[in-house]
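Each chain, letter by letter, is given below.
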Amino acid sequence: MAFTVRDLVEVPFLKTRVLAGRDGAGHAIHWAHSCELAAPWDWLGRGDLLMTNGFAIPADRDQQVVFVRKLEQTGIAGVAIGEGLHAPPLAGAMLAEADRLGFPVLSTAYDVPFIAVAQAVAQANRHGEQERMTRTMRIYEAVRQGAHETPAEIVRRIGADLATRLHIVDRAGAPLLDVDPLEPRLREQIVAVVDERDGSLPAITRVPDGARQALVAPVPASEFACLVARPRGDAAPALSVLQHVAAVVAIEIERSVAQQEAQRRLGSELLAHLIDRRIDAESGGRRLADFGLGGVELVLLAVDADGHAGPEMLNRALRRDGVPTLQLRRSSIMYVLLPSGSADDVGAVLDAELVVGASAPLSGVGQVPDAAKEARWALEAARGRQRGLTRYGQEPPPFMPRTVTEARSSADAVLGDLLAYDAEHSGDLVRSLRLFLAENRSWQRASTAIGVHKQTLVYRMRRVEELTGRRLDDTGDVAYLWLALSAHDLLSHADEPIGLQPAAAAGGPSG
């Protein structure tokens, strides 16, 4: 038989009396808990007795009325206020509202510690506590028995045992672990609650769900997630039980994240092999099939990953939508190989600062190295325009050839002899020229950056002039050399194109 408010009041040594709400004396008390927070309904559940020294009670009369209403709406059994402690004067309107709602407002004598009340409730509810313990053990038993089940199947089985529909959602309300999605209206309400609290949820948040309430509890995982419980009947699971469910969900989320990370590392190695031509097309095609990328038209993205969290945001969005990808981070660029149809959706998840270049659709696995060049080419154009997603051929980088083929032709025309000389003599003329121009043609700074004596750099630059037919004290020739170097870098395996620095193209060589 349930322990009620009436039973509590009738225990002599607890010295507790009813101030208002006598019609609620039959409310069952499952647990008694002390809470001094301003919104105790976020931490207590149905059948809990709130015990307070008075700090939780607002001083304003109208707020006291709202306080009683929210406690009653939550299903809290009643509130016991420590007598002669810190409670403000209780307004007549508050007590009248408690009488109207049949919500018990109690006063506990100054000399009675709240621990005595809690112990009395726990002793009286020993059988109910045993039931909660049994239910909790069944939750973990469901996980043990579900070793060969998917996380979604485990969650559904736990929900069936609790007579409660369970959902797992991220901050945007999207389903996690392939668990059933929420209806749009409830999803919007939950997202609004999460945003209002900036992702910091209390132990329990109640959201209207038709004629009932959905219970929202945070999941203690490395990525934000929350558990949404929707009781099928009038009796909701105890808060402690829901917290155990959230702990189980957290384990499944972390396990899923670990598996995805392992798969991501394998995919990163494969994409590196494809870009660097370290695997033949036939073997590469077979391995792509293992990642869900076999037999579909692909596109390669080059994502500007320098200095912001955009790439991780993109990764989470693609993973959430179940898009198969290979991802590779090189310096300030993240490459993403994915089905070409999915590239159209990338712009929807990009923030204002994230820029992406997309290659043309690949005609085969052997086209991945060329696709990497195209994606970098498009990324350079996107950087110049600060555009979210730019496709190869959509527009060239500023002052650059329109296509990779034109860039290769331009670079060869200006730097061909210089590149051939370095290849034949294991020389360092191209790198020396690049750093010399990058340092605004300062002999001192450039020689320091290269690690050679100033006179050695002077000799190298004279050799550059002889091989290219371009003069380094001529602004037009410097512009040609710089643009040719930029095109060459975009075509090479360098992942950070040097870009045009106007200062390098103006004036004569500096000291």
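Because the structure is a prediction, the values reported are computed rather than measured.

Student: Describe the nonpolar core, with residues and values.
Tutor: Soluble, globular proteins show a tendency: their nonpolar side chains are buried together. Core analysis: the biggest nonpolar cluster contains 31 residues, and I158, V219, L227, V245, V249 and I253 have the highest contact counts within it. Those elements that place two or more of their residues in this core are α5 (126-145), α6 (151-161), β6 (164-169), β8 (212-218), β9 (226-231) and α8 (239-275). Considering each element in turn, this core owes the most residues, nine residues, to α8. If we skip the residues at most four places from it in the chain, I158 touches I139, A142, L166, V245 and V248. Counting residues in each nonpolar core, the second largest holds 26 residues, with L271, A272, F291 and A371 among its members.

Student: I'd like a rundown of the sheet that holds β9, residues and numbers included.
Tutor: Ordered by their spatial adjacency, four strands build an open sheet running β6-β9-β8-β7, and the pairing between neighbours is antiparallel. Whereas interior strands pair on both sides, the edge strands pair on one side only; in this sheet they are β6 and β7 (205-209). Put simply, the sheet's adjacent strands are angled 25° from each other on average, direction ignored. Bridge count for β6 against β9 is six bridges, and the pairing is antiparallel. In the sheet register, V169 faces β9, and the bridge partner there is C226. Each of β7, β8 and β9 touches helix α7 (residues 184-196); the most contacted strand, β7, lies at about 155° to it.

Parameters at a glance
- Residues numbered from 1 in each chain as written.
- Predicted model: local features only at pLDDT ≥ 70, side-chain atom pairs only at ≥ 80, totals over all residues.
- Heavy atoms only, no water.
- Core = buried A, V, L, I, M, F, W, Y, C linked by side-chain atoms within 4.5 Å.
- Buried < 20%, exposed > 50% of the residue type's maximum accessible area, 1.4 Å probe, protein only.
- Helix = DSSP H or I, 4+ residues; strand = E, 2+ residues; numbered from the N terminus.
- Contact = heavy atoms within 4.5 Å.
- Pairing = 2+ DSSP bridges.
- Axes fitted to C-alpha atoms, helices over the stretch in contact; angles between N-to-C directions.

The quantities given are spatial measurements derived from coordinates; they are silent on function.
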